[in-house]
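# Observations on the model geometry
Residues per chain are reported as follows:
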Amino acid sequence: MKLTSFFADGRERFGALRDRNVVDFTGHAAGFRHATGVGLGSVLELIEAGVDGIAFAEALLARYDRDPASFAAYPIDDITWRTPVLRPSKLCCVAFNNTANSGRILKGPKHPALFTKPASALIGHLAAIECRAEYGRVHPEPELAVIIGRRAKRISAQEAYDHVFGYTIHNDITSPTMRDQDTFHYRAIHPKNGNHLEIEYLESWVSYSGRYKGSDTFACVGPCIVTRDEIPNPHTLTVTCHHKDILVTEDNTENLYYKVPELLEFITRFVTLEPGDIVSMGTALRKSAQGGAVQNIDLNRLGGPVSITIDKIGTLTNTVTHLNV
């Protein structure tokens with residue numbers, strides 16, 4: 001099942017894709033509330049409802065297939081796409097999680113390196129990435145993303161998939177210019193010889209990703225969530241990225257260094273993941289036969305569109321708009 005959120009006929013809606021239509025579930029939520037006492041007015045509430053929510057959605061689709069006239073269904077060209085989960089509590093990302101990076105890393109941790117993006121950075125399929133002159137270079141990063149289905153705190157790798165609701169696409173928009181501007185080369189204070197009453201200064205570097213990863217529109221997600229049952233192995237999926245008509249990246253999720261089970265185990269040792277949260281698995285980097293690199297696609301200078309396609313999920317496309325204010 002492919003679930004999504006969208007705007008049509010003057011209101012926010014949610015539903016499922018059938019061919020080139022989106023079947024609207026919004027008007028049928030009252031039936032679920034009557035049967036269970038639980039609200040079902042969004043994709044997030046459907047996720048939170050667990051197996052009952054999935055069963056209800058599957059029953060709605062089956063009823064649509066039998067009697068399409070009993071549902072509102074919108075052609076995909078007539079809707080405004082939203083991010084499938086409108087306001088997740090967090091978008092958790094992992095850095096340098098691709099074997100193509102191994103020769104580029106001069107020094108790094110022996111475990112996943114994490115950062116988060118705010119929900120305010122989210123935009124959906126066909127929405128515009130905002131670029132401003134002060135952002136400098138801005139480039140795309142194509143990534144598989146996991147949608148969390150059940151609250152996960154200090155879970156094991158063996159139980160990780162039990163907490164996965166499904167999968168979507170994330171374009172992790174990044175500004176290296178703002179990263180450089182927000183990097184400190186400084187002397188860090190440490191206890192000297194383990195004595196907390198004495199200090200020593202050690203040369204260090206630190207960068208904060210609030211602007212260069214978290215600016216408005218820097219998290220393109222969608223167009224839909226594919227439920228976990230349709231992708232039994234998320235590590236066999238081809239990932240491609242096109243800028244305009246040029247194929248820039250052609251990779252496969254088998255090249256992710258940390259896979260879903262060990263990554264969710266690691267994250268949840270420190271950060272509790274809630275239903276609807278997004279975990280972005282890391283950038284697909286391998287060059288296509290046409291060459292190039294996603295880091296060289298300066299959307300601020302070259303404009304868009306930029307498209308990411310992942311097997312079994314679909315294609316996420318975003319335009320680029322340049323703002324002067």
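Described below are features of the structure shown in this document. Treat the numbers as computed from the prediction; the structure is a model and nothing was measured.

### Let's talk about the pairing of strand 11 (residues 164–172)
In terms of residue burial, strand 11 counts as a mostly covered element, since nine of its nine residues are buried. Strand direction decides the pairing type here: strand 10 (residues 142–148) and strand 11, joined by seven bridges, are antiparallel. Opposite isoleucine 147, over in strand 11, you have glycine 166 as the bridge partner. Here strand 11 runs beside strand 14 (residues 219–227); their pairing, made up of six bridges, is antiparallel. Each bridged residue has a counterpart across the sheet, and for asparagine 171 the counterpart in strand 14 is cysteine 220.

### Notes on the pattern of salt bridges
Scanning the model with the defined rule gives eleven salt bridges in all. A network of salt bridges, in which partner residues are shared, links Lys117, Glu141, Asp172 and Lys213.

### A look at the layout of surface pockets
Its volume calculated, the largest pocket comes out at about 1,600 Å³. Lining the largest pocket are 43 residues, with Ala95, Phe96, Ile105, Lys107 and Gly108 sitting closest to its centre. Looking at the lining of the largest pocket, the elements with two or more residues in it are strand 6 (91–95), strand 7 (113–117), helix 4 (176–181), strand 13 (195–207) and strand 17 (278–283). For the lining of the largest pocket, the element with the most residues is strand 13, which contributes four residues. Estimated volume of the second largest pocket: approximately 300 Å³. Residue lining of the second largest pocket: 14 residues in total, with Val51, Ile54, Val164, Phe165 and Arg228 positioned closest to the centre. Listed by contribution, the elements that provide at least two residues to the lining of the second largest pocket are helix 3 (50–66) and strand 11. For the lining of the second largest pocket, the leading source of residues is helix 3, giving four residues.

Here is what the cut-offs are and how they apply
Residues numbered from 1 in each chain as written. Predicted model: local features only at pLDDT ≥ 70, side-chain atom pairs only at ≥ 80, totals over all residues. Heavy atoms only, no water. Buried < 20%, exposed > 50% of the residue type's maximum accessible area, 1.4 Å probe, protein only. Helix = DSSP H or I, 4+ residues; strand = E, 2+ residues; numbered from the N terminus. Pairing = 2+ DSSP bridges. Salt bridge = Lys/Arg side-chain N within 4 Å of Asp/Glu carboxyl O. 1 Å grid on protein atoms, 1.4 Å probe; cavity = no way out; pocket = protein on both sides within 12 Å on 5 of 7 lines; lining within 4 Å. Points joined across faces, edges and corners; volume = space filled by probe spheres on them.

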